[in-house]
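Structure assessment
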Amino acid sequence: MTPDRTGRPAAGRPPAPISAAGKGGTLITVAPTGAESDKASVPALPVSLDELVTTAKECRAAGAAVIHVHIRDDRARPTLDLGRLTGTVQALREGTDLIVQLSTGGAVTDGFAARLAVLDAGPDACSLTCGTVNFGDEVFANPWPFIRELYARTQALGVVPEFELFDMGQVATLHRLLDDLGAPHGGHVHCDLVMGVPGGMPGTAAQLIQAVAALPRDATWSATGIGRSSVPVIFAALAAGGHLRVGMEDAISFARGRPVTGNAELVERAATLAALAQRPAMAPDQARVMLGVS
Ligand code: KMH
Ligand code: ZN
């Protein structure tokens, strides 16, 4: 039986087919940079604005419709500098028609005020993580008052949130948030299951099915497998009717012992598998309609 927005089974309502979420094509989001990998160890990581825009164009050509953006400073360290973020949004808009989604997660060291201020850079969309999670040896902190304030700011500023869900407790918090503050800007709920973080839910097909069953009714969702769970999660998500997020934020090996040479090859692989699954990659204009991005 399909759960309702509280995560409980919705008595008396017919279950929605699990594959309904992905009708009409596959949304591919690229997360090219992240905050964790080091340019010195991963030379293919795009860290400068030029590298980022070039990567964005290549990934758009390969099938991406959304870009999830973390930026770096002149020394390639993660930053939430508002001027740089604003310039990055403008440059990505000038260079591509991708939906620009800024990270509000930043790096584990970023403070809440700077993470809230990300929205002032004027992106189309932003990530919004629904709870605190162990993150390797670190803690990715997202206490309830911060989540609530960030969500209220997305509504006030007209930014479409993507709800990042690292574990099942965060799915419950998403229901709490929607019950408390109502629908997001654009009216549509889109989630990203981030699987395989040490401390979060594992990147397995069984876990993905369980998480999808607990999502709000009518939500669309994508899934991201970190590291070696990247490919299994792609297959599981496609089989279950979901969308995909790939990129060097999440995986820096293309296969065992073979480093990723660039984000475009990860997007290309995802697009090929989506086409084989009979749900080819969506263009950004189609994705804008689905996500409620104006
Ligand atoms: N870098 C992680 C601590 C997000 O972008 O919203 C958080 C993260 C999630 O990447
Ligand atoms: Zn991120």
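As shown above, the structure is provided for reference.
From a predicted model like this one, the values you see are computed outputs, not experimental measurements.

If you tally the helices and strands in the protein chain, you get nine helices and 14 strands. Relative to a compact globule of 294 residues, whose C-alpha radius of gyration would be 19 Å, the protein chain shows 17 Å and is just as compact. Judged by the C-alpha coordinates and their principal axes, the protein chain covers about 55 × 40 × 40 Å. Here the protein chain holds 294 residues, and the buried ones make up 55% of them. Sequence-distant contacts in the protein chain: of pairs separated by 6 or more residues, those separated by 24 or more amount to 71%. Surface summary for the protein chain: the accessible area is close to 12000 Å², and the carbon and sulfur share equals 55%. A gap of 4 Å separates the mean positions of the 24 positive and 29 negative side-chain charges of the protein chain.

Neighbouring ligand 1 are E36, H68, H70, S103, G105, G106, V108, S127, F135, F140 and E249. The separation between an oxygen atom of ligand 1 and a polar side-chain atom of H70 is 3.0 Å. In isolation ligand 1 exposes 300 Å². Once the protein is present, 97% of that is buried. Within the shell around ligand 1, the residues separate by chemical class into three nonpolar, six polar and two charged.

Turning next to the coordination of the zinc ion (ligand 2). Taken together, the protein donors to the zinc ion (ligand 2) comprise H68 (NE2), H70 (NE2) and E249 (OE), at separations of 2.1 Å. Counting residues between consecutive donors of the zinc ion (ligand 2) along the chain gives the motif H-x1-H-x178-E. In this pair, H68 is assigned in strand β2 (residues 66-69) and E249 in the loop between β12 (243-246) and β13 (253-255), connecting sequence segments 181 residues apart. For H68, a relative accessible area of 2% corresponds to the buried category.

Now for the packing of helix α7 (residues 230-239) against helix α8 (residues 263-276). For the pair α7 and α8, the least separation of the axes is 10 Å and the interaxial angle reads 30°. Looking at the two axes, α7 sits roughly parallel to α8. As for how α7 packs across α8, the hand of that crossing is right-handed. The residues of α8 that touch α7, namely those facing S230, V231, I234, F235 and L238, are R269, L273 and A274. Tallied by class, the residues present in the contact of α7 with α8 amount to six nonpolar, one polar and one charged.

Counting buried positions along strand β10 (residues 190-195) gives six out of six residues, so the element sits mostly inside the fold. Side chains H190, D192 and V194 project from β10 onto one buried face, and the interleaved C191, L193 and M195 project onto a second face that is buried too. Pairing between strand β9 (residues 160-165) and β10: three bridges, direction parallel. Counterpart to E164 in the pairing with β10 is D192.

The rules behind each value
Residue positions are given per chain, counting from 1 as you read along its sequence in written order. Each chain is given a letter, starting from A, and each ligand a number, starting from 1, according to the order in which they appear as written. Per-residue local features are limited, in this predicted model, to residues with pLDDT of at least 70; the limit for side-chain atom pairs, both in listing and counting, is 80 or more; totals at the level of whole chains, interfaces and linings are taken over all residues. Heavy atoms throughout the structure, all of them, feed into the side-chain values; hydrogens and water do not. Runs of E in the DSSP output that reach at least two residues are strands. Runs of H or I that reach at least four are helices, and both are numbered from the N terminus. When we talk radius of gyration, it's over C-alpha atoms, and the globule rule is simply 2.2 Å times the number of residues to the 0.38. Only protein chains enter the accessibility calculation, which uses a 1.4 Å probe. A residue is then buried if its area is under 20% of the maximum for its type, exposed if over 50%, and partly exposed in between. The contact rule is simple, with two residues in contact once any of their heavy atoms fall within 4.5 Å. Throughout, the Shrake-Rupley method with a 1.4 Å probe supplies accessible areas, and for residues the shown protein chains are the sole cover considered. Positive charges come from Lys and Arg alone, negative charges from Asp and Glu alone, with His and the N- and C-terminal ends not counted. For charged residues, the charge sits on one atom: NZ in Lys, CZ in Arg, CG in Asp, CD in Glu. Residues are counted as near a molecule or strand when any one of their heavy atoms sits within 4 Å of it. A 3.5 Å cut-off defines polar contacts: any pair of N or O atoms within that distance qualifies, except that in protein one atom must be a possible hydrogen donor and the other a possible acceptor, and neighbouring residues in sequence count only when both atoms are side-chain atoms. Residues are sorted three ways: Asp, Glu, Lys and Arg are charged, Ala, Val, Leu, Ile, Met, Phe, Trp, Tyr, Cys and Pro are nonpolar, and all the rest, Gly among them, are polar. Excluding water, the donors of a metal are its N, O and S neighbours within 2.8 Å, or within 3.2 Å for Na, K and Ca, and that exclusion means sites may look incomplete. All axes here are fitted lines through C-alpha atoms, helices being fitted over the stretch that makes contact, and every angle between N-to-C directions spans 0 to 180 degrees. The cut-offs work like this: below 35 degrees is roughly parallel, past 145 is roughly antiparallel, 65 to 115 is roughly perpendicular, and the gaps in between are oblique. Two helices cross in a left-handed way if the nearer one is turned anticlockwise from the farther one by less than a right angle. They cross in a right-handed way if the turn is clockwise. When DSSP finds two or more bridges between two strands, those strands count as paired.

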